[in-house]
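Listed below, chain by chain, are the residues.
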Amino acid sequence: MEKTSKYKNEKDNKVFQQLFYKYLPYWPLFLTLLVISVGSLFIYLKLNTPVYETTASILIKDETKGQEDSKMEDVLNLFGTKKTVENETQILSSNEILKVVINKLHLYAPVTEELGWNGKIIKSAFLTSPVMIDVPNPDLIQDSKKIYFTVSKDRKNVLIDGKQYPMNEWVESPWGKIRFQKNSFGKPESVIGENRMYFSLIKMDKIINAVTKNLVVTPVSRQSSVINLKIRDEIPERGETILKNIVDAYNTSAIERKNSIAMKTLEFIESRLKNVGSQLDSVESGIQKYRDRSGIVDISEQSRLYLQSIEENDKEINTLNMRMSALNEVENYVQSKSGQGDIVPSTINIEDPTLSQLVNKLSASQSQYESLKKTTAENNPILLSLQEEINKTKPSILENIRNQKKSIASGKSYLDQVNNKYSSMLSTVPKKERELVEVSRQQNIKNDIYKFLLQKREETAYSISSALPDCFLVDQPTTSLFPVSPKKPLLALLAAFAPFILGFLVVSLKDSMNSKVLYRKDIESLTKFPIIGELMFEKLEEPIVTKNAQRSFLQEQFRQIRAALKYQGNPKGNVKRILVTSSIKGEGKSFVSSNLAVSIARSGKKVALLELDLHQPKLREMFEIGNCAGITDYLQGKATEKQIIIPTDVQPNLSLIPAGFLIEDPTELLLNGKLEILLNYLDTVFDVLIIDTAPVLALTDATSISPLVNLVLYIIRHDHTPKTHIEFLDENMEAHNIENVALVFNGVKKRGFGRYSYGYGSGYGYGSKSSYDAYSKKKKVA
C-alpha cells in the first residue's frame with residue numbers, strides 16, 4: 001500500500017513537471033498577456049463608473065397572508081381595497097408610478113460632468129450640479145444630447161452657447177420651454193465651474209425603460225407580505241431617493257383612489273341628507289298645523305303605546321329598504337359593461353361582510369387591471385389572470401345579491417304583517433287623534449333615517465381625513481458599501497487568471513494543430529521502443545561537435561548515448577554493429593552517426609563509420625574527404641576491403657568507409673551478399689561498426705541491412721518527424737522482424753521565444769538524381 005502511494009505521488013510530480021516545462025518557455029507570452037490584462041482592467045475601471053445597489057423593504061396589507069387591519073383602522077379605512085402581494089409588486093414597478101417619480105426628481109433631464117484632463121471620464125452630476133432642469137410637459141420631450149452650460153458666480157443665470165437664461169423663470173429655448181432651478185438634491189459645497197457640465201433631455205419612455213431595467217421588486221417569500229425593492233444606480237443617494245419616492249407615489253396613488261371613492265359616497269350622503277331633511281321639516285310643519293287646526297295638543301296613552309310598538313318595526317323596514325337600495329346600486333355596477341374603472345358604489349348599508357369583500361375585491365382587481373393595461377400587452381399573463389379573476393367574481397356577487405334580496409323581501413313581508421296587526425290597534429283610537437299618530441309615525445321614520453345618514457357622513461369624513469397608507473417601510477433604503485458593478489475583486493481575479501488560461505489555450509491549440517513530434521511523452525505514448533538519449537538543438541558552425549576535447553552540453557549528451565549503448569543489443573551489451581536510420585529526410589541521422597562514431601573513438605575503441613546511404617551520402621563531405629572508391633566500388637568488385645578504409649584526421653581511432661562513386665540503382669548492390677563479407681572483415685579490424693543508411697520510409701536499404709546488425713538506432717527529430725510515422729513504428733519494425741531498436745530524440749529546440757530553425761538535406765526518392773549527378777560530375781572532374 002505504501003509503495004502504491006509513493007508511486008502515485010511520483011507519477012503526479014512527474015506530470016506536474018511535464019506541464020511546468022511545457023509552458024515555462026512561453027513565459028514572455030504569459031507576461032505580455034498579464035500586462036495587457038492588468039492594463040485593460042485599469043482602463044476599464046477608470047472609464048466605467050461604479051454602480052451601487054440600494055435596497056428597501058415594505059409591508060403590504062394582504063388579507064390572504066394574515067395582514068388584516070385593526071378595528072380602529074377598519075373605521076378609518078372604510079374605502080381601502082384589499083391587496084395581494086403579487087399584484088402590488090406589479091403596481092410598484094408600473095409605468096404610472098415610475099413616471100411620477102421621474103417627474104418629481106427631474107430624471108428626464110440628467111446633468112453630467114466630465115472629469116479628467118481630456119474629459120473622457122463622465123459622471124452623473126445629480127449631487128454636484130448647481131441647477132436642475134424643469135420641463136412643463138415631460139411626456140412631450142424629444143431627445144437632446146450634450147447641451148453644455150455654465151452657471152454664473154452669483155447663481156442667477158445659466159449660459160448656453162453665449163446666451164443667458166435666468167434662473168427660476170420659464171424661458172423659450174431651442175429645446176422647448178424649460179426652467180432652470182436650484183438643485184434641491186445637490187450638495188451645498190459643490191463648486192461652480194470646477195468641471196465641464198452638460199444636460200440631456202430624454203424621452204419619457206426611454207427613461208422609464210432605463211429605471212425599470214435597474215429596478216427589481218420581489219416578495220420576500222410566498223408566505224410573506226413583505227416586498228423587497230432593489231435598484232442599481234451610480235449615485236447611492238439618488239437610488240435611495242428613487243426608492244423613497246416610489247413608495248410615496250404608490251401610497252399617494254392609493255390614497256387618492258380611496259378619497260375619490262369616499263368623496264363620491266359623501267356626495268351621495270349629502271344629497272340624501274338634504275332630501276330627508278326637507279321631508280322631515282315638511283312632516284314637522286304638518287304636525288304643527290294639524291295640532292293648531294284640530295285643537296289636539298297631545299296623543300293619548302293608547303296612541304303613544306302604538307307608536308312605541310311600531311317604531312322599532314319601522315326602523316327595521318327602513319334599514320331593509322336602504323339595504324335593498326344599496327344592493328340595487330351594486331347590482332347595476334356589476335352588470336354595467338363599463339364597470340371597469342368606474343367608481344365602486346357605496347357599501348355602507350351592506351351588512352354582509354362576504355359581499356363587501358367581494359365588491360372590494362372586484363374593485364381592486366378592476367383598478368389593477370386598468371393600471372396594468374396601460375403598461376403591459378393584452379396577452380400579459382398577469383393581465384389575463386386579473387381578467388379571469390374579475391369574470392369569476394362578478395357571478396359570485398350577483399348570486400349573493402339575489403340571495404340577500406330574497407332574505408330582505410321575506411323580512412319586509414313579516415314586518416308588514418306586524419304593521420297590519422298594530423294598525424288594528426289604531427282603529428280603536430278617535431279619528432282626529434288617529435291622523436296625528438300617523439303623522440307622528442312618519443316623523444319618527446324620517447328622523448331615524450336622518451340620524452343614520454349623519455352617522456355615516458361622520459365616518460366618511462373620518463376616513464378622508466385619516467388617509468391611511470397601504471404600505472409601510474419596514475427597512476429604510478440603504479446602499480451597499482461596495483459597488484456591485486464593476487465587481488473589482490472578481491475582475492481582479494479574472495485579470496490575474498485569464499492571461500494564464502488564454503496562454504495555456506494558445507500554446508495547447510498551437511501544439512494540437514501541429515502534427516509533428518514535440519515532446520518526449522509523445523514518443524513514449526506512441527511506441528514501445530526506449531529513448532536512450534536526447535540531443536538539444538544548437539546552431540553549429542561545423543557538423544562534428546565531438547572532435548574537440550572541450551566540454552559542451554551537446555558533447556555530454558553524446559557521451560550519455562555512448563554510455564547507454566552498453567545496455568542495448570542482443571545479447572545485452574553486444575553493440576558491435578549499429579545501424580543509424582530515421583523515418584524521413586532531414587532528421588539528422590548522418591549528424592548523429594558521425595558524432596557518435598567520434599565520441600566512441602575518443603573512448604579508445606577502433607570505430608569504422610560506414611556511409612551506406614548510397615543515394616544521398618553526406619559523411620565524406622562532413623569529414624572533408626575527396627572523391628574516392630568506396631562501398632559501391634567494393635560491391636561491384638572494383639575495390640578491396642583495405643582500399644576503401646580511409647583513416648580520418650578527426651580522430652586516429654576512427655576510419656571512414658565512404659559510399660564511393662554513386663550509381664543509378666545502388667539498392668540492388670546491397671543484396672548481392674558482399675556486404676555481409678565486408679562487415680565480417682571489418683569486425684576483425686574494428687571494435688565498433690556504425691552504419692549510416694537511408695531513411696526507412698524512403699527506401700528499403702535499412703530493412704535489408706538490419707538483419708546484419710546488433711542494434712538499430714532510430715532518429716526522431718523534434719518538430720520535424722510526423723507523429724503518424726512514430727505511431728506505426730512498432731508495426732513496421734515487427735513486419736520486418738526488427739526487435740533491437742533504440743530511439744534518439746534529436747534537435748530538441750528551445751520552446752517559446754528565441755527559437756532557431758534547423759534543417760538538413762534535400763529530397764529522397766527514386767526520381768531524385770541531383771546527388772547522383774553531382775557525384776558523377778565530381779568523378780569526371782577527378
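Parameters at a glance
- Residues numbered from 1 in each chain as written.
- Predicted model: local features only at pLDDT ≥ 70, side-chain atom pairs only at ≥ 80, totals over all residues.
- Heavy atoms only, no water.
- Buried < 20%, exposed > 50% of the residue type's maximum accessible area, 1.4 Å probe, protein only.
- Helix = DSSP H or I, 4+ residues; strand = E, 2+ residues; numbered from the N terminus.
- Arc of directions from axis to C-beta.
- Contact = heavy atoms within 4.5 Å.
- Axes fitted to C-alpha atoms, helices over the stretch in contact; angles between N-to-C directions.
- Parallel < 35°, antiparallel > 145°, perpendicular 65-115°, else oblique.
- Left-handed = near helix turned anticlockwise from the far one by under 90°.
- Pairing = 2+ DSSP bridges.
- Phe/Tyr/Trp six-rings, centres within 6.5 Å; stacked < 30°, edge-to-face > 60°.

### Regarding helix H6 (residues 204-214)
For step 1, the next point in the chain: Listed in full, the buried residues belonging to H6 are Met204, Ile207, Ile208 and Val211. Along the long axis of H6, the arc covered by the buried residues comes to 105 degrees, so they all point the same way. Exposed and oriented more than 90 degrees from the buried face of H6 are Asn209 and Lys213.
For step 2, the next point in the chain: Buried residues along H6 sit against helix H5 (95-105), strand E11 (215-219) and strand E12 (226-233).

### Notes on the packing of helix H2 (residues 27-47) against helix H12 (residues 488-513)
For step 1, the next point in the chain: As a packed pair, H2 and H12 sit with axes 9 Å apart at the nearest point and diverge in direction by 150 degrees. Judged on the interaxial angle alone, H12 and H2 are roughly antiparallel. In this structure, H2 crosses over H12, and the sense of that crossing is right-handed. Taking contact as the criterion, the partners of Leu29, Phe30, Leu33, Leu34, Ser37, Leu41, Tyr44 and Leu45 in H2 are, on H12, Lys488, Leu491, Ala492, Ala495, Ala496, Pro499, Phe500, Leu502, Gly503, Phe504, Val506 and Val507.

### Examining the sheet that holds strand E3 (residues 121-124)
For step 1, the next point in the chain: Sheet architecture is open: 6 strands sit in the order E3-E2-E10-E5-E6-E7, paired in antiparallel fashion. The sheet is open, and its two edges are formed by E3 and strand E7 (163-166), each paired on a single side. If you compare each strand with its neighbour and ignore which way they point, the axes differ by 40 degrees on average.
For step 2, the next point in the chain: Relative to E3, strand E2 (residues 111-115) is paired through 4 bridges, and the arrangement is antiparallel. The residue bridging Thr112 from the neighbouring strand is Ser124, located in E3.

### Looking at the packing of aromatic side chains
For step 1, the next point in the chain: The final tally for this structure, using the stated rule, is 9 aromatic pairs.
For step 2, the next point in the chain: Consider the rings of Phe30 and Phe500, whose centres lie 5.9 Å apart with planes at 20 degrees: the pair is stacked. In this pair, Phe30 sits in helix H2 while Phe500 sits in helix H12, placing the two residues 470 residues apart along the sequence.
For step 3, the next point in the chain: For Phe500, a relative accessible area of 33% corresponds to the partly exposed category.
For step 4, the next point in the chain: Relative to Phe591, the ring of Phe558 lies with its centre 5.9 Å away and its plane at 65 degrees, an arrangement referred to as edge-to-face. Of the two residues, Phe558 sits in helix H14 (residues 553-564) while Phe591 sits in helix H15 (residues 589-602), which places them 33 residues apart along the sequence.

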